[in-house]
Amino acid sequence: MAFYSQDPQLEEQLSTALAEITQLAPEELSNISATWVVYNNSPIDIASSLNNEDFWQLPIKGASYQGQQLRYPASVVKLFYGAAIESWLGRDLLLEGPELRRAFRAMLQDSSNDATSFVVDLLTGTNSGAELPEDPLNSWARQRLLVNQWFAKLGWAEWEGCNACQKTWTDGPYGREQQFYGPNKENRNRLNTDITSRLLHAVIAGAWQSPLAGARLRGAIARSLDIADRKADLENQVDGFLGAGLPEGSFLWSKAGWMSTARHDAAYCEVPDCPPFLLVVFSEGSQWAADEQFLPDLAAKLWKVLR
């Protein structure tokens, strides 16, 4: 059961947009997942006057296409690690400090893998290193699963089958990290667009840990749509992603993921004269990874049908 109510009109509009943009039949879209949530008003900070239970009872309409399909999330998983940092701080499991904040921002704003490695170590009390014998490896692995356990305890139905316990890599895992992946990479990170949408919804609304924690997370994933800013940063997480499909005057908060076999984005968008919306899209395979127009075209198609 998703946190939003399935809206038949939005379902049809999402399916139609995917078919028109890709020119593929539904059975040919097996490598794409999408979740689209549309709001009546901006959700930013709406949770500040509500308790957690009442917040999650607020009516929200949405649609999904294979929204529960588990996929390798690439750097989108960094949003979950950022949320975990705020939860650990809120429970006094970590000490606030400049290096923590530097890594937090570099992980989310710049998608730094080095910063992510540092953050995962802080969250779980583990370190990368040489291969380990069986018993020490098992103890190390139990520690590395702390983020998974935290999300599981939230009781979110969308979390079923998900996995957020691995670092992100430029090259690849070595030593005990490779052992932890498993011989066939069976322990890779796994997420779906529904759970990613739920977390981003909580972050945007200020309902993750506290309004202040939500504001810090939002600040780290705010994206400039200014052309000059984007040209100055070729890894801006806008060009080639959902934000590139938004018109002038829009506002964007997002976390993208891109590698040779995936192009993903998780975005909350405010477009002039249009209801605010949240859109998460995972696309797997080398074809989609190389396609710089699919995500912008989908975002453009969807905001136009909302006007």
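Given the structure is predicted, the values throughout are model-derived calculations rather than measurements.

Basis of the calculations
- Residues numbered from 1 in each chain as written.
- Predicted model: local features only at pLDDT ≥ 70, side-chain atom pairs only at ≥ 80, totals over all residues.
- Heavy atoms only, no water.
- Disulfide = S-S within 2.5 Å.
- Buried < 20%, exposed > 50% of the residue type's maximum accessible area, 1.4 Å probe, protein only.
- Axes fitted to C-alpha atoms, helices over the stretch in contact; angles between N-to-C directions.
- Helix = DSSP H or I, 4+ residues; strand = E, 2+ residues; numbered from the N terminus.
- Parallel < 35°, antiparallel > 145°, perpendicular 65-115°, else oblique.
- Left-handed = near helix turned anticlockwise from the far one by under 90°.
- Contact = heavy atoms within 4.5 Å.
- Nonpolar A, V, L, I, M, F, W, Y, C, P; charged D, E, K, R; others polar.
- Pairing = 2+ DSSP bridges.
- Arc of directions from axis to C-beta.
- Core = buried A, V, L, I, M, F, W, Y, C linked by side-chain atoms within 4.5 Å.
- Phe/Tyr/Trp six-rings, centres within 6.5 Å; stacked < 30°, edge-to-face > 60°.
- Lys NZ or Arg CZ within 6 Å of the ring centre and 35° of its normal.

(A) Up close: the state of the cysteines. Enumeration over the complete set of coordinates arrives at zero disulfides. Unpaired in this structure, Cys162 has its nearest cysteine sulfur neighbour in Cys165, at a distance of 12 Å. You can call Cys165 buried: its relative accessible area is 1%.

(B) Geometry of the packing of helix 3 (residues 77–90) against helix 5 (residues 113–124). Running from amino to carboxyl end, helix 3 crosses helix 5 at an angle of 40°, the nearest separation of the two axes being 10 Å. What the angle tells us is that helix 3 and helix 5 run oblique. Two packed elements cross with a definite hand, and for helix 3 against helix 5 that hand is left-handed. Within the contact between the two elements, helix 3 uses Lys78, Tyr81, Ala84, Ile85 and Trp88 and helix 5 uses Asn113, Thr116, Val119, Val120 and Leu123. Across the contact of helix 3 with helix 5, the residue classes break down as seven nonpolar, two polar and one charged.

(C) Spotlight on the pairing of strand 6 (residues 262–270). Of all nine residues that make up strand 6, nine are buried, and the element is covered over most of its length. Judged by which residues are buried, strand 6 turns out to be covered on both faces: Ala262, His264, Ala266, Tyr268 and Glu270 on one side and Arg263, Asp265, Ala267 and Cys269 on the other are all buried. In the sheet, strand 5 (residues 251–259) pairs with strand 6 via nine bridges, with the strands oriented antiparallel. Directly across from Gly257, in strand 6, lies its bridge partner His264. Note that strand 6 and strand 7 (residues 277–284) share eight bridges and pair antiparallel. Each residue of the ladder has a partner; that of Ala267, found in strand 7, is Leu279. Between strand 6 and strand 7, which pair antiparallel one after the other, the connecting turn spans six residues, and Asp273 there sits at a positive phi close to 60°.

(D) Inspection of helix 10 (residues 211–221) at higher detail. Among all positions of helix 10, only Ala213, Gly214, Leu217, Arg218, Ala220 and Ile221 are buried. Each buried residue of helix 10 lies within a common arc of 160° when the element is viewed along its axis, so the set occupies one face. Of the surrounding secondary structure, the elements contacted by the buried residues of helix 10 are helix 3, helix 4 (98–109), helix 9 (193–204), strand 4 (222–223) and strand 5.

(E) Representation of the nonpolar core within the structure. Tyr81, Leu123, Phe151, Leu199 and Trp208 are the most contacted members of the largest nonpolar core, which has 56 residues in total. In this view, Phe151 contacts Phe80, Ala83, Trp159, Leu199 and Trp208; residues no more than four positions away in its chain are not counted. Counting 34 residues, the second largest nonpolar core, distinct from the first, contains Leu10, Trp36, Phe241 and Leu295.

(F) Geometry of the environment of Glu248. Structurally, the position occupied by Glu248 is in the loop between helix 11 (227–232) and strand 5. Assessed through its relative accessible area of 81%, Glu248 is described here as exposed.

(G) Quick peek at the packing of aromatic side chains. Enumeration over the complete set of coordinates arrives at 14 aromatic pairs. Ring centres of Trp156 and Trp208 lie 6.0 Å apart, and the angle between their planes is 70°; this geometry places the pair in the edge-to-face category. On the criterion of sequence distance, the pair formed by Trp156 in the loop between helix 7 (146–153) and helix 8 (176–181) and Trp208 in the loop between helix 9 and helix 10 is long-range, its members being 52 residues apart. Accessibility classification places Trp156 together with Trp208 in one group, the buried group. One aromatic cluster is present, built from ring pairs that chain together Phe3, Tyr4, Phe55, Trp56, Phe80, Phe151, Trp156, Trp159 and Trp208. If you follow Arg91 out to its NZ or CZ, it ends over the ring of Trp88, 4.7 Å from the centre. One Lys or Arg, Arg188, reaches over the ring of Tyr72 and ends 3.8 Å from the middle of that ring.

(H) Fine view of the sheet that holds strand 5. Pairing is mixed in the open sheet, where seven strands are placed in the order 1-3-2-7-6-5-4. Both outer strands of the open sheet, strand 1 (5–6) and strand 4, are each paired with one neighbouring strand and no more. Most of the contacts of helix 9 go to strand 7, to which it runs at about 145°, and overall it touches strand 2 (32–38), strand 3 (61–65), strand 5, strand 6 and strand 7.

(I) Local environment of the environment of Ile32. Examined against the element boundaries, Ile32 turns out to sit in strand 2. Classification of Ile32 by relative accessible area gives buried; the value is 0%. Once the C-alpha coordinates of Ile32 and His264 are considered, the two residues, 232 residues apart in sequence, prove to be 9.5 Å apart. Leaving out residues up to four positions away in the same chain, Ile32 has contacts with Leu18, Thr22, Tyr65, Gln66, Arg71, Val281, Phe282, Ser283, Trp288 and Phe294.

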